Amino acid sequence: MTGAAEARVLELTGVDTFYGRAQILSDVSLEVRRSEVVALLGRNGAGKSTTIKSIIGLVRPAKGEIAFEGKPIQGLEPFQISRLGLGYVPEDRRVFTGLTVAENLEVGRQPRRENAPEWTPDKLFALFPNLAEMSDRLGGLMSGGEQQMLTIARTLMGNPTTMLLDEPSEGLAPVIVEQVAKTILDLKAHGLSILLSEQNLHLSTLVSDRAYIIEKGRIRYEGSMAELAENEEIRAAYLMV
């Protein structure tokens, strides 16, 4: 890739993150370029979600730099980072169970951004036909797969340029995982950049351009997704359970 396609939209450099006295991330560096999908892979407890939470401001790194669109964001509050155009889809979905689908979408609404696709409920219902059929359904009465789609749609209502997806396939049936893969590819086609935290190698292979592997809080591998798919030794060392 050349030109704008190679521009770094998100960059972590030497990030250390602690929970209390326990160090979770050690010298983590990675980057996401414009309009690409990057997978952050690793076993359960490897540090994937902590990396995502460090980026969005839910935990504060003790050391290192995090830049979004060329501007430092470490130290900002999550709502401030979101307003810059960085969307976050949490692992536990966090839909508002007492609100309808349509009301959940309104919660995520932010103003239009010049450098991002503009999303409306109608456009999102076209992207997620199942949600269109249940716009008046309460979030608490939806299946796990439906809630995952709603969480992604709610984040898109913020018109982000880049999205952080934390374990989107967690607990979902294989057929729903395929729908998540299609959604990620659709979003990439709309120009979004995506950092995907995942244990599911199949999903990551379907959608990702590049991959990082994290193990015990350190980046152990960086390369193209195609290269990783061919490297059985690396997969066995860091991804197999």
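Our structure is the block above this text.
Residues take numbers from 1 onward in each chain, read along the sequence in its written order. Only residues with pLDDT of at least 70 are given local features in this predicted model, and only at 80 or more are side-chain atom pairs given and counted; all residues enter the totals for whole chains, interfaces and linings. Side-chain measures were taken over the full set of non-hydrogen atoms in the model, leaving aside hydrogen atoms and water.

Draft legend 1. The overall build of the protein chain, seen in detail. Put simply, DSSP marks the helices as runs of H or I at least four residues long and the strands as runs of E at least two long, and each gets a number from the N terminus on. When its secondary structure is counted, the protein chain shows 10 helices and 10 strands. Computation of the radius of gyration draws on C-alpha atoms alone. For the globule rule, the value is 2.2 Å times the number of residues to the power 0.38. In terms of C-alpha radius of gyration, the protein chain reaches 17 Å, essentially the compact-globule figure of 18 Å for 241 residues. Seen through its principal axes, the protein chain has C-alpha atoms that stretch 45 × 40 × 35 Å. Expressed as a percentage of contacts within the protein chain between residues at least 6 apart in sequence, the contacts between residues at least 24 apart total 70%. Every accessible area reported is derived by Shrake-Rupley at a probe size of 1.4 Å, with residue values counting cover from the shown protein chains alone. As presented, the protein chain carries roughly 11,200 Å² of accessible surface, and 49% of it is formed by carbon and sulfur atoms. Here the protein chain holds 26 positive side-chain charges and 32 negative ones, and the gap between their average locations is 5 Å. Any pair of residues with heavy atoms lying within 4.5 Å of one another is described as a contacting pair. Charged residues are defined narrowly, with Lys and Arg counted positive, Asp and Glu counted negative, and His plus the chain ends left uncounted. The atoms used to mark charge sites are NZ of Lys, CZ of Arg, CG of Asp and CD of Glu.

Draft legend 2. Representation of the sheet that holds strand E9 (residues 210-215). When DSSP locates at least two bridges between a pair of strands, those strands are taken to pair. The strand order E6-E7-E8-E3-E9-E10 describes an open sheet built from 6 strands, whose pairing is mixed. For this open sheet the edge positions go to strand E6 (86-89) and strand E10 (218-224), each flanked by a neighbour on one side alone. Taken over all neighbouring pairs, the strand axes of this sheet differ in orientation by 15° on average, direction set aside. In the sheet, E6 pairs with strand E7 (residues 162-166) via 4 bridges, with the strands oriented parallel. Among the inter-strand pairings, Leu86 is bridged to a residue of E7, identified as Thr162. Its contacts with the sheet put helix H6 (residues 144-156) on E6 and E7, and the angle it makes with E6 is roughly 165°. All axes are obtained by fitting lines to C-alpha atoms, using only the stretch in contact for helices, and the reported angles, taken between N-to-C directions, cover 0 to 180 degrees.

Draft legend 3. Expanded view of the layout of surface pockets. Each pocket or cavity is described by its volume, and for the largest pocket that value is around 590 Å³. Contributing to the lining of the largest pocket are 19 residues, with Ser82, Tyr88, Gly108, Gln110 and Arg154 lying nearest its centre. Mapped onto the lining of the largest pocket, the elements with two or more residues apiece are helix H2 (78-83), E6 and H6. Looking at the lining of the largest pocket, the element that brings in the most residues is H2, giving 4 residues. In terms of residue class, the lining of the largest pocket is made up of 10 nonpolar, 6 polar and 3 charged. In this structure, the second largest pocket encloses a volume near 230 Å³. The distinction between a cavity and a pocket rests on a 1 Å grid over the protein atoms alone: a 1.4 Å probe fits inside a cavity but cannot get out, while a pocket stays open yet meets protein on both sides within 12 Å along at least five of seven lines, and a residue with an atom within 4 Å of a point counts as lining. Grid points are joined across faces, edges and corners, and a volume is the space filled by probe spheres set on the points. Amino acids outside the nonpolar list (Ala, Val, Leu, Ile, Met, Phe, Trp, Tyr, Cys, Pro) and the charged list (Asp, Glu, Lys, Arg) are all regarded as polar, and Gly is one of them.

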